[in-house]
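Understanding the architecture of this molecule
As a plain string of letters, each chain reads:
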Amino acid sequence: MGISTVSIGFLPSYTSIGIAAPLLLMLCRFGQGVGLGGEWGGAVLLAIENAPPNKRAWYGMFPQLGAPIGLLLSGGTFLILTDTMSPQDFLDYGWRIPFISSSLLVVLGFYIRLKITETPALENVKKEKEEVKIPFFTLVKFYKNQLIFGTFAAITTFLVFYLMTVFPLSWATSDLGYSKRDFLLMQLFSVLFFALFIPVSALIADRIGRRKMLVCTTIAIALFGFVFSFFLNSGSPFLVTLFLCVGMILMGFTYGPLGTFLSELFPTNVRYSGTSLAFNMAGIIGAAFAPMIAIWLATHYGLTYVGFYLTAAACISLFSLLMISKEEHKF
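Counting restarts for each chain: residues are numbered from 1 in the order of the written sequence. With the structure being a predicted model, the display of local features is reserved for residues of pLDDT at least 70 and the display and counting of side-chain atom pairs for 80 or more, all residues being used for whole-chain, interface and lining totals. With hydrogens and water set aside, each side-chain value is computed from the structure's full complement of heavy atoms.

1. A short note on the state of the cysteines
Cysteine sulfur atoms are paired as a disulfide whenever they fall within 2.5 Å. According to the stated counting rule, one finds zero disulfides in the structure shown. Cysteine Cys315 remains unbridged, with the sulfur of Cys216 as its closest cysteine sulfur at 15 Å. To sort residues, take the accessible area from a 1.4 Å probe on protein chains only and compare it with the maximum for the residue type: under 20% means buried, over 50% means exposed, and anything in between is partly exposed. Judged by relative accessible area, which is 43%, Cys315 ranks as partly exposed.

So this is what it looks like as structure tokens:
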């Protein structure tokens, strides 16, 4: 992850090397994806497998806080650079600064990882010789239901994230007349609610259960889809900011307990692979196609249908949450 991210900051431009520039960018993005595939699952399981049974959601939400913190850091950096540099300087070299400066986080993360030991749950698996050589085959053979429905249960989380971050910034600045700086400030304010409601969701999830928490939130997201266009098309900065804040609150409620919920679907010997596969496949299905679909719907049918798109995804996730057969696995 670190090598790929820092390398983006040193990529030659298209004018320098032509088509090789975007191809190298794709390679770096591929490297980031490989990094994320192992990064997220490991961080969540490290927290959850060291947690008391009645506080798994609380422990599991700490890695989830990386998302809003990362948004605040990246958005804040972008604001500072655009406020202190001319547009031409930013295009020439300013955009490289955040990528190169991320090397500081890489060094810090690497140091932390050198100090981390395996969890007691994994040590027990090793001791009892219950390890599996190829976890993917075990998952497909014995835990196909959990893998498929776990993936679709999480797709709405990624769609909400995209529809509250990338899509509204693009649409509001290109079609609704907002300046990029003003709308980015509104978004950064809403991210505070994302960060705040992740721990709130964990506390509730530990009290009422992870699945029930996600079911209630998914129903709320489905209803939120029906008022999507009303707020975003209102022309009122206050209502648009309220829209972003409500969306980010829902994001916090669904994202906070998600890692714990997915990890509880699988036994220890395939938990890392199962949790990571479900989470990342949900990201591909829920977010990879979302830019094309949302822009196409908004352009041809209006923002109302983007909201319907969110509602439809929430219905799929709700069905999946209700269909998952959860077994109690030891930690």
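2. Observations regarding the packing of aromatic side chains
Think of it this way: a Phe, Tyr or Trp ring, Trp meaning its six-membered ring, pairs with another when their centres are within 6.5 Å, and the plane angle makes it stacked under 30 degrees, edge-to-face over 60, tilted otherwise. Summed over all chains, the structure comprises 23 aromatic pairs. An angle of 65° between the planes, with centres 5.0 Å apart, marks the rings of Phe158 and Phe279 as edge-to-face. Of this pair, Phe158 sits in helix α11 (residues 144–164) while Phe279 sits in helix α18 (residues 268–288); the two residues are 121 residues apart in sequence, bridging distant segments of the chain. By the burial criterion, Phe158 is buried, and Phe279 matches it. Each ring, one from Phe226 and one from Phe308, has its centre 6.0 Å from the other, and the planes form 65°; the classification is edge-to-face. A helix here means a DSSP run of H or I that spans at least four residues, while a strand means a run of E at least two residues long, and both kinds are numbered starting from the N terminus.

3. Notes on the nonpolar core
Here, the term nonpolar core denotes a set of buried Ala, Val, Leu, Ile, Met, Phe, Trp, Tyr and Cys residues that are joined through side-chain atoms within 4.5 Å. Leu163, Phe167, Phe228 and Val306 are the most contacted members of the largest nonpolar core, which has 69 residues in total. Per element, the largest residue contribution to this core is 11 residues, and it comes from α11. It only takes one pair of heavy atoms within 4.5 Å for two residues to be counted as in contact. Contact partners of Leu163, with chain neighbours within four places excluded, come to Pro168, Phe228, Ala294, Val306 and Leu310.

4. A word on the packing of helix α10 (residues 135–142) against α11
The N-to-C vectors of α10 and α11 enclose an angle of 90°; their axes lie 5 Å apart at closest approach. Taken together, the axes of α10 and α11 are roughly perpendicular relative to one another. On the side of α10, the interface is formed by Leu139, Val140 and Phe142, while α11 contributes Lys144, Gln146 and Leu147. Gly counts as polar in this scheme, as do all residues outside two lists: the nonpolar Ala, Val, Leu, Ile, Met, Phe, Trp, Tyr, Cys and Pro, and the charged Asp, Glu, Lys and Arg. Taken together, the residues of the contact of α10 with α11 break down into four nonpolar, one polar and one charged. In this analysis, axes come from line fits to C-alpha atoms, helices being fitted only over the stretch in contact, and the angle between any two N-to-C directions falls in the range 0 to 180 degrees. In this scheme, roughly parallel covers angles under 35 degrees and roughly antiparallel covers those over 145, while 65 to 115 is roughly perpendicular and the rest are oblique.

5. Notes on the environment of Ile69
Structurally, Ile69 can be placed in helix α5 (residues 66–84). Residue Ile69 is classed as partly exposed on the basis of its relative accessible area of 47%. Separated by 28 residues in the primary sequence, Ile69 and Gly41 have C-alpha atoms spaced 18 Å apart.

6. Describing the side chain of Ser229
By secondary structure assignment, the location of Ser229 is in helix α15 (residues 228–232). Overall, the relative accessible area of 13% leaves Ser229 in the buried class. In this view, Ser229 contacts Ser234, Leu303 and Thr304; residues no more than four positions away in its chain are not counted.

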